[in-house]
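Coordinate analysis (summary)
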Amino acid sequence: MTLPNEPRQSTNTVLMVAPTQFCLNKDAAEDNHFMTATGLTPETITKKALDEFDGLVSVLRSHGVDVNVFTHEAADEADFTPDAVFPNNWFSTHRAPETGVRTLVLYPMKVPNRQRERRPELIADIEGKSEGAGVVQGSLTASNPGFGAKIDLTHLEEQGVFLEGTGSMVIDRVNRVVYACTSERTHIKALEEWASAIGYPNVVTFLSTDSNGLPVYHTNVVMAIGTGWAVVCADSVANQTERDLLLSSLSKHHEVVTITHGQVSSFCGNILELRDGHDRPVIAMSTQAYNGFTDAQKSVLLKHAHDLVHAAIPVIETVGGGGVRCSLAE
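Parameters at a glance
Residues numbered from 1 in each chain as written. Predicted model: local features only at pLDDT ≥ 70, side-chain atom pairs only at ≥ 80, totals over all residues. Heavy atoms only, no water. Helix = DSSP H or I, 4+ residues; strand = E, 2+ residues; numbered from the N terminus. Buried < 20%, exposed > 50% of the residue type's maximum accessible area, 1.4 Å probe, protein only. Contact = heavy atoms within 4.5 Å. Pairing = 2+ DSSP bridges. Axes fitted to C-alpha atoms, helices over the stretch in contact; angles between N-to-C directions. Polar contact = N/O pair within 3.5 Å; in protein donor to acceptor, adjacent residues only side chain to side chain. Phe/Tyr/Trp six-rings, centres within 6.5 Å; stacked < 30°, edge-to-face > 60°. Lys NZ or Arg CZ within 6 Å of the ring centre and 35° of its normal. Expected span 1.5 Å × (residues − 1). Salt bridge = Lys/Arg side-chain N within 4 Å of Asp/Glu carboxyl O. Core = buried A, V, L, I, M, F, W, Y, C linked by side-chain atoms within 4.5 Å.

**Overview of the overall build of the protein**
Helices and strands together make up the secondary structure of the protein, namely eleven helices and 15 strands. For the protein, buried positions account for 55% of its 330 residues. Counted over contacts in the protein with a minimum sequence separation of 6, partners at least 24 positions apart contribute 74%.

**Quick look at unusual backbone geometry**
Phi is positive for Arg-176, close to 60°, though the residue is something other than glycine. Its place among the elements puts Arg-176 in the loop between strand E7 (170-172) and strand E8 (177-181). On the basis of relative accessibility, which here comes to 25%, the residue Arg-176 falls in the partly exposed class.

**Looking at the sheet that holds strand E9 (residues 202-206)**
Strand order in the open sheet made by the three strands is E7-E8-E9, with mixed pairing throughout. Each having just a single partner strand, E7 and E9 make up the two edges of the open sheet. In this sheet, neighbouring strand axes are inclined to one another by 15° on average, regardless of whether the strands run parallel or antiparallel. Here helix H6 (residues 188-198) sits on the sheet and contacts E7, E8 and E9; the angle it forms with E9, its principal contact strand, is near 165°. Strand contacts of helix H7 (residues 240-251): E8 and E9, with the helix running at about 140° to E9, the strand carrying the most contacts.

**A closer look at the environment of Glu-184**
If you trace the backbone, Glu-184 turns up in the loop between E8 and H6. A polar contact of 2.4 Å, which involves the side chain of Glu-184, links it to the side chain of Lys-110.

**Description of the side chain of Thr-166**
By secondary structure assignment, the location of Thr-166 is in helix H5 (residues 165-168). Owing to a relative accessible area of 4%, Thr-166 belongs among the buried residues under this scheme. Within the structure, the side chain of Thr-166 is placed 3.1 Å from the side chain of Asn-88, a separation counted as a polar contact. Here the side chain of Thr-166 touches Arg-325 through a polar contact of 3.3 Å, side chain to side chain.

**Section: the packing of aromatic side chains**
What the rule picks out here adds up to two aromatic pairs. Between Trp-90 and Phe-91, the ring centres sit 4.8 Å apart and the planes meet at 50°, which makes this aromatic pair tilted. As far as burial versus exposure is concerned, Trp-90 and Phe-91 are alike and both buried. Their ring planes at 55° and their centres at 5.0 Å tell us that Trp-194 and Tyr-200 sit as a pair that is tilted. Classification of Trp-194 by relative accessible area gives buried; the value is 0%. Take Tyr-200: its relative accessible area is 4%, and that puts it in the buried class. Above the face of the Phe-147 ring, Arg-102 is positioned so that its terminal group lies 4.2 Å from the ring centre.

**Examining helix H1 (residues 42-62)**
Taking 1.5 Å per residue, 21 residues should reach 30 Å; H1 reaches 30 Å between its end C-alpha atoms and fits that length. Within two residues after H1, Gly-64 carries a phi angle of roughly 85°, on the positive side.

**Digging into the pattern of salt bridges**
The full count for this structure, using the stated rule, is 13 salt bridges. With its nearest N and O atoms 3.1 Å apart, the salt bridge here joins Lys-47 to Asp-51. Of this pair, Lys-47 and Asp-51 are both found in helix H1, four residues apart, which corresponds to roughly one turn of the helix. Judged by relative accessible area, which is 43%, Asp-51 ranks as partly exposed. With its nearest N and O atoms 2.7 Å apart, the salt bridge here joins Arg-114 to Glu-117. Using a relative accessible area of 3% as the deciding quantity, one classes Glu-117 as buried.

**Examining the nonpolar core**
Core analysis: the largest hydrophobic core is formed by 34 residues, its most contacted members being Tyr-179, Met-223 and Leu-246. Per-element tally for this core: the top contributor is strand E11 (residues 229-232), with four residues. Residues within four places of Tyr-179 in sequence aside, it is in contact with Ser-168, Met-169, Val-170, Asp-172, Val-204, Phe-206, Thr-219, Met-223, Ile-225, Leu-246, Ser-249 and Leu-250. Counting residues in each nonpolar core, the second largest holds 28 residues, with Met-16, Ala-49, Leu-56 and Ile-316 among its members.

**Quick notes on helix H4 (residues 120-127)**
The element H4 is largely enclosed, with a buried count of six among its eight residues. Considered for burial, the residues of H4 that qualify are Leu-122, Ile-123, Ala-124, Asp-125, Ile-126 and Glu-127. Two residues or fewer past H4, Gly-128 is found with a positive phi of approximately 75°.

In short, geometric facts, not functional conclusions.
The structure is reproduced here in structure tokens:
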């Protein structure tokens, strides 16, 4: 059992942003090869994405997860944020037992229309400095004790240096290890600045490619970490030394489930451990990911979790190139 003053891997509280402007983000699709155009009209895509989003929120809340939902209506083209449904890329929060003081981190992102997702009113709600006007459903501001530290890495955007939050990084919060596959959205310089600022002594980096040999844009597509488990596509790491180091580091503290490239395409790597209403660990994933795991793999995960919680989000996955984990900011 984790004591209150000890680091915890997972949380009961998440922030989600409704996909009110959701569509294929052509700028982001340049290096996110999981994004796919469909024959659907933009209006149909947005409606289906909103329905999927509502279903995911409902499933999480039915398990006692505290889901805070925000929305963002574009006033004009300059306010357009088609990927806002993936808020984990622009901020993360860290409890005092993990970092010494409760900390908010803001991240530099590659695509300009994604940088606009860092809206001042939303940041104010996260910091507990507003009246909660941006919260559609939830009690984030009311229950937020505030932050003792704020790390703002967004200045790196001017240098063309990026680190897209818990998309770029998969964080072992208990053992203070951060994992990252380098890419156009994950630069070593930014990663080292993050590790130094937040006080993480252990950084494991590697190169990862998809089944077509193309670079993987975000680390959280190919791996995930829970309190006692880890999922990783070791086959995506071609360099033997990097692969051995990755598996060795993960296996020190976790039971490792290895997945295939095909399972990566089903978003089996894009999953997240949360805490349910009884403070029990559950693993959130899409229905596609749930169906993509073998029975044996599910059995391993269920050794470390009370339940595997899933919802169908096929349009968000296909058009947005991100899964359930990408939709949840901690």
